[in-house]
Amino acid sequence: MGFLDGKKALIVGVASNRSIAWGVAEAMHAQGAELAFTYQTEKLKSRVDKIAEATGSNLVLECDVEHDEHIDRVFDQLSDAWGRVDIIIHAVGFAPRDQLQGTFAEAVTREGFRIAHDISAYSFAALAKAGRPLMGADSSLLTLSYLGAVRAMPYYNVMGPAKASLEACVRYLAQSLGPDGIRVNGISAGPIKTLAAAGISNFRKMLDHVETRAPLRRTITAREVGDVAAFLCSDLARGVTGEITYVDSGYNILGMAELS
Ligand code: NAD
């Protein structure tokens, strides 16, 4: 018996077995959810196939969130296969590599800003809108954010404003979909070494910084994010919507690092 028994969850954002979305999938599978996955490009398909197989899923669907027709097709396919969706996980983020080097003022361009916001923030609203007809009361959506949404961080640059927009989408979607019983939440995760993180300059130094300063004196794992995601998307969290929950070893609570 798991607390997600009988729930059908769509996981968007698995690229490797280091992906946060994979930690979420593992945790949801352990709690009894039935899973479907998407892959962004043909190149990633075989990897996502293997990961899906490990959770007993053979629903692996193409979805580049830049294309509305891909998003619509995913929900058509889920409508045929499942008839409904209880959980949508959005673990997608992207900015062109040149946007994640130097300072924000140096790096930002109109096109870089547009792409980061389209793929990292609008896509969550797009999935919510397209998935809504398949979602009933007691269903939920969850996205992944980072502290750079609310604090200025070195090298995160345009992803900061994009994550701020994403967190605002969590609140606006929660307000729009709440009357239908659909909950919308976000997790702000601490740094984890994944493919997306590898694009951020000096990422290793960010991990070291968290390890030496966060209250728990360590970084977090994708599975730790997954466990909180499973809880937030379960009926145990039925009274929670519009929230950003931090899973970051407590780093976000700090004002000043210890004086020693
Ligand atoms: P990842 O590289 O494993 O996952 C990023 C995913 O985004 C990949 O699956 C990629 O295919 C997908 N993606 C990018 N552009 C896409 C597009 N156009 N269409 C469809 N999918 C697309 O890295 P991750 O760290 O697991 O990232 C997942 C989420 O977690 C992202 O939103 C990221 O910003 C967020 N996050 C990551 C960290 C971290 O330190 N790794 C911390 C906080 C938040």
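You'll find the structure just up there.
What you see is a predicted model, and the numbers here were worked out from it, not measured in a lab. (Residues numbered from 1 in each chain as written. Predicted model: local features only at pLDDT ≥ 70, side-chain atom pairs only at ≥ 80, totals over all residues. Heavy atoms only, no water.)

(A) Representation of a negative patch on the surface. A contiguous patch of negative charge, built from Asp68, Glu69, Asp72, Asp76 and Asp80, is present on the exposed surface. Mapping Asp80 onto the fold places it in helix 3 (residues 68-81). (Patch = residues over 30% accessible without salt bridge, like charges linked within 9 Å, V, L, I, M, F, W, Y side chains within 5 Å. Areas by Shrake-Rupley, 256 points an atom, 1.4 Å probe, with all protein chains shown as cover. Salt bridge = Lys/Arg side-chain N within 4 Å of Asp/Glu carboxyl O. Lys, Arg positive; Asp, Glu negative; His and termini not counted. Charge placed at Lys NZ, Arg CZ, Asp CG, Glu CD. Helix = DSSP H or I, 4+ residues; strand = E, 2+ residues; numbered from the N terminus.)

(B) Spotlight on the environment of Arg171. Summarising the element assignment, Arg171 is placed in helix 6 (residues 159-177). The exposure class of Arg171 is partly exposed, given its relative accessible area of 44%. Considered as a pair, Arg171 and Thr241 are 70 residues apart in the sequence and their alpha carbons are 8.1 Å apart. (Buried < 20%, exposed > 50% of the residue type's maximum accessible area, 1.4 Å probe, protein only.)

(C) Summary view of helix 5 (residues 110-131). When the terminal C-alpha atoms of helix 5 are compared, their 30 Å separation across 22 residues agrees well with the 32 Å that a helix rising 1.5 Å per residue should span. If you look at helix 5, its biggest bend is around 45 degrees, right at Tyr122. In terms of residue burial, helix 5 counts as a mostly covered element, since 16 of its 22 residues are buried. (Expected span 1.5 Å × (residues − 1). Bend = angle between axes of the 7 residues up to and from the residue.)

(D) Fine view of the site of the ligand. Among the 28 residues in the neighbourhood of the ligand, the closest are listed as Ser19, Ile20, Gln40, Ile192 and Thr194. Separating an oxygen atom of the ligand from a backbone N or O atom of Ile20 is a distance of 2.8 Å. One of the side-chain N or O atoms of Gln40 is found 2.7 Å from an oxygen atom in the ligand. Burial of the ligand by the protein amounts to 93% of the accessible area it has alone, namely 810 Å². Broken down by secondary-structure element, the contributors of at least two residues to the shell around the ligand are strand 5 (139-145) and helix 7 (195-198). It is helix 7 that provides the largest number of residues to the shell around the ligand, a total of three residues. (Near = heavy atom within 4 Å. Polar contact = N/O pair within 3.5 Å; in protein donor to acceptor, adjacent residues only side chain to side chain.)

(E) Here's a closer look at the sheet that holds strand 4 (residues 87-90). Pairing within the open sheet is parallel, and its seven strands lie in the order 3-2-1-4-5-6-7. Strand pairing shows two members of the sheet lacking a second neighbour, strand 3 (60-62) and strand 7 (244-247), which therefore form its edges. With direction set aside, neighbouring strand axes in the sheet form an average angle of 20 degrees. Docked against the sheet, helix 3 engages strand 1 (8-12), strand 2 (34-39), strand 3 and strand 4, running at close to 150 degrees with respect to strand 3. Contacts between helix 5 and the sheet are confined to strand 1, strand 4, strand 5 and strand 6 (182-189), with strand 4 contributing the most and set at about 165 degrees to the helix. (Pairing = 2+ DSSP bridges. Axes fitted to C-alpha atoms, helices over the stretch in contact; angles between N-to-C directions. Contact = heavy atoms within 4.5 Å.)

(F) Here's a closer look at the pattern of salt bridges. Across all of its chains, the model carries twelve salt bridges by this definition. Residue Arg114 is joined to Glu111 by a salt bridge in which the shortest nitrogen-to-oxygen separation is 3.0 Å. Here Arg114 pairs with Glu111, and both are found in helix 5, just three residues apart, close to one helical turn. Judged by its relative accessible area of 44%, Glu111 falls in the partly exposed class. Taken together, the salt bridges that share partners define one network made up of Glu111, Arg114 and Asp118.

(G) Quick peek at the side chain of Asp248. As for its placement among the helices and strands, Asp248 is situated in the segment after strand 7. Despite being buried, Asp248 has no salt bridge partner; Arg151 is the closest side chain of opposite charge, sitting 8.5 Å away. A polar side-chain atom of Asp248 sits 2.9 Å from the main-chain amide nitrogen of Gly250.

(H) A look at the environment of Arg183. Relative to the helices and strands, Arg183 is located in strand 6. A C-alpha to C-alpha distance of 24 Å links Arg183 and Gly148, two positions 35 residues apart in sequence. For Arg183, the residues in contact, after removing those within four places along its chain, are Ser139, Ser140, Leu141, Leu232, Cys233, Ser234, Ala237, Arg238, Val240 and Thr241.

(I) Broad picture of the pairing of strand 4. Neither face of strand 4 is left uncovered, since the one carrying Ile87 and Ile89 and the one carrying Ile88 and His90 both have all their residues buried. Summarising the sheet, strand 1 and strand 4 pair through four bridges and their orientation is parallel. Note on strand 4: the bridge partner recorded for Leu10 is Ile88. Taken together, the four bridges between strand 4 and strand 5 define a ladder with parallel strand orientation. Bridge assignment links Ile87 to a residue of strand 5, and that residue is Ser140.

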